[in-house]
Amino acid sequence: MNTTEAETYRREILGYCYRYFGCIAEAEDATQETMLRAWRARDGAEFGGRSSLRTWLYSIATHVCLDMARAPQRRSLPVDLNEPGRVPDDPTSLATMPEQMWIGPASDAHLGVDPSATALARESVRLAFVAALQFLPPRQRVVLILRDVLVLSAAECADLLDMSVASVNSALARARKTMAQHGATLPTDTADDAPAYDTRLLEKYVAAFEAYDVDRLVDLLTEDAEFSMPPFELWLRGPAQIERWWRGPGQVCRNSRTIVTSANGRPAVAVYHDGGGRDESRNDAGVRDSSAARWEPFAIHVLESRAGRLSALTHFIGAGHFAEFGLPAHLP
């Protein structure tokens, strides 16, 4: 086996593992373990007929995913856990859950997804789809990803998983039924009839958010818009509650700066809060200058849209997300 050739599949394998785990850190660990196992077995690996290098790597990745220690429970999004809530009078009373309980965002650059990608590629990394995958038992999950996302044949899946073709088809049928119950289905073809990137809407959101113009922000929402902020359990539905949040606890976002990026096949915005501190520097005369504010990483906003308006906003709060996106540790 040519290890350089195997490395060309690293990003593809990473996307597969991310869909399985719903966490980019665990996906990276699984991808690295896949490459290590492939390297160790390289001398005895033979590729011919149906057993291609790509299929062999997916076989290793599948067994790595199934073997890795699992979190105490499946990862979720706030909308999966409870009914929509209301903005509390005391925001400090909001409940949170540990990081390992949440679906995490994934940079499109890491996953190899961009605005020109097919609808299938974009939808299969969408947050709601990845969250719905977590409801599936492990083998049903890998069968659905292999068949419906990677478009392997039932025979290839059966060979890869040491299952019969009938068992693969049965697992796929059950998995599709569960996904449909959670409203997470994939396009039947690669037609791009519903672009995920509404550039004009993104520009409007960034401009309104940086100005912290709540009236303009509310005007961008659909009537059933959803708003969530992992690691907080609370999520909100509808412009009235979202507006109440923005005019209340959300005021901490005033004077933010942003960087446009993309995540999970959708446009995203990295938000930096005014830290209130000052970078100490000296001017040309050698005098200390404390006028430059320092903005600290706060949250990654992943945006869903429908018919020119925002239908869902997921704010992944925490500086830890920024490194994976290759974003600066702070803005001067």
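Just above, that's the structure.
Keep in mind that this is a model prediction, so the values were computed, not measured. Position numbers for residues start from 1 in each chain and track the written sequence from start to end. The predicted nature of this model means local features are confined to residues of pLDDT at least 70 and side-chain atom pairs, given and counted, to a pLDDT of 80 or more, with totals for whole chains, interfaces and linings taken over all residues. Only hydrogens and water are removed before side-chain values are computed, so all heavy atoms of the structure are retained for them.

Caption draft 1: Molecular detail of the overall build of the chain. Under the DSSP-based scheme used, a helix requires at least four consecutive residues in state H or I and a strand at least two consecutive residues in state E, with every element numbered from the N terminus. Broken down by element type, the chain carries 15 helices and eight strands. To sort residues, take the accessible area from a 1.4 Å probe on protein chains only and compare it with the maximum for the residue type: under 20% means buried, over 50% means exposed, and anything in between is partly exposed. Residues classed as buried in the chain amount to 46% of the 332 residues present. Considering only contacts in the chain between residues 6 or more positions apart, those separated by 24 or more positions represent 70%. For the chain, the exposed area adds up to about 15,500 Å²; of that, 49% sits on carbon and sulfur atoms. By definition, residues are in contact when any of their heavy atoms lie within 4.5 Å. The Shrake-Rupley method, run with a 1.4 Å probe, gives the accessible areas here. Residue values count only the displayed protein chains as cover.

Caption draft 2: Local environment of the packing of aromatic side chains. Aromatic rings from Phe, Tyr and Trp, taking only the six-membered ring of Trp, are treated as a pair when their centres fall within 6.5 Å; an angle between ring planes under 30 degrees marks them as stacked, one over 60 as edge-to-face, and anything in between as tilted. A complete count under the given rule lists seven aromatic pairs for this structure. Plain terms: the ring middles of Y16 and Y58 are 5.2 Å apart, the flat faces sit at 85° to each other, and that makes the pair edge-to-face. A residue pair is termed long-range when its members are at least 10 positions apart, and Y16 in helix α2 (residues 10-21) and Y58 in helix α4 (residues 53-67) qualify at 42 residues. The pair Y16 / Y58 is uniform in exposure class, with both members buried. Ring geometry for F227 against W245: centres 6.3 Å apart, planes inclined by 50°, an arrangement best described as tilted. Within this pair, whereas F227 is found in strand β1 (residues 221-228), its partner W245 is found in helix α14 (residues 239-247), the two being separated by 18 residues in sequence. Under the relative-accessibility criterion, F227 is labelled buried at 1%.

Caption draft 3: Molecular detail of unusual backbone geometry. Cis geometry is found at the peptide bond from P230 to P231, where omega equals 20°. With phi around 50°, N264 is a residue other than glycine that occupies positive phi space. With respect to the element layout, N264 can be found in the loop between β3 (257-263) and β4 (266-278). For A307, which is not glycine, the phi torsion reads 55° and is therefore positive. Mapped onto the fold, A307 is located in the loop between β7 (293-306) and β8 (309-317). Classification of A307 as exposed rests on a relative accessible area of 81%.

Caption draft 4: Representation of helix α12 (residues 199-211) within the structure. In a regular helix each residue adds 1.5 Å, so 13 residues correspond to 18 Å; α12 covers 18 Å between its end C-alpha atoms and thus fits that length. If you check which residues of α12 are buried, you get L201, L202, Y205, V206, A208 and F209. Two residues or fewer after α12 comes Y212, characterised by a positive phi angle close to 45°. How far a helix is expected to stretch is found by multiplying one less than its residue total by 1.5 Å.

Caption draft 5: Representation of the pairing of β1 within the structure. As paired elements, β1 and β8 share four bridges and run parallel to each other. Across the sheet, E226 pairs through a bridge with A312, a residue of β8. The sheet contact formed by β1 and strand β2 (residues 235-237) spans three bridges and is antiparallel. By the bridge assignment, E226 is partnered in β2 with R237. Strands are treated as partners if at least two bridges between them are detected by DSSP.

Caption draft 6: Just the packing of helix α3 (residues 24-40) against α4, in detail. For helices, the axis comes from a line fit to the C-alpha atoms of the stretch in contact; other axes are also lines fit to C-alpha atoms, and the angle between any two N-to-C directions lies between 0 and 180 degrees. At a minimum axis distance of 9 Å, the contact between α3 and α4 shows a crossing angle of 125°. As far as their axial angle goes, α4 and α3 are oblique. Crossing angle aside, the handedness with which α3 passes α4 is right-handed. Where α3 approaches α4, its residues A30, E33, T34, R37 and A38 are matched on the opposing element by W56, L57, I60, A61, H63, V64 and D67. Ten residue types, Ala, Val, Leu, Ile, Met, Phe, Trp, Tyr, Cys and Pro, are classed as nonpolar, four, Asp, Glu, Lys and Arg, as charged, and the remainder, Gly among them, as polar. Across the contact of α3 with α4, the residue classes tally to seven nonpolar, two polar and three charged. Our angle categories are set so that under 35 degrees counts as roughly parallel, over 145 as roughly antiparallel, 65 to 115 as roughly perpendicular, and the remainder as oblique. Throughout, a crossing is termed right-handed when the near helix is turned clockwise from the far one, and left-handed when it is turned anticlockwise from it by less than a right angle.

Caption draft 7: Looking closely at the environment of V87. Note on placement: V87 falls in the loop between α5 (78-81) and α6 (108-111). Each C-alpha atom of the pair V87 and P249 lies 8.6 Å from the other, and the pair is 162 residues apart in sequence. Setting aside its immediate chain neighbours within four residues, V87 contacts L236, Q241, R244, W245 and P249.

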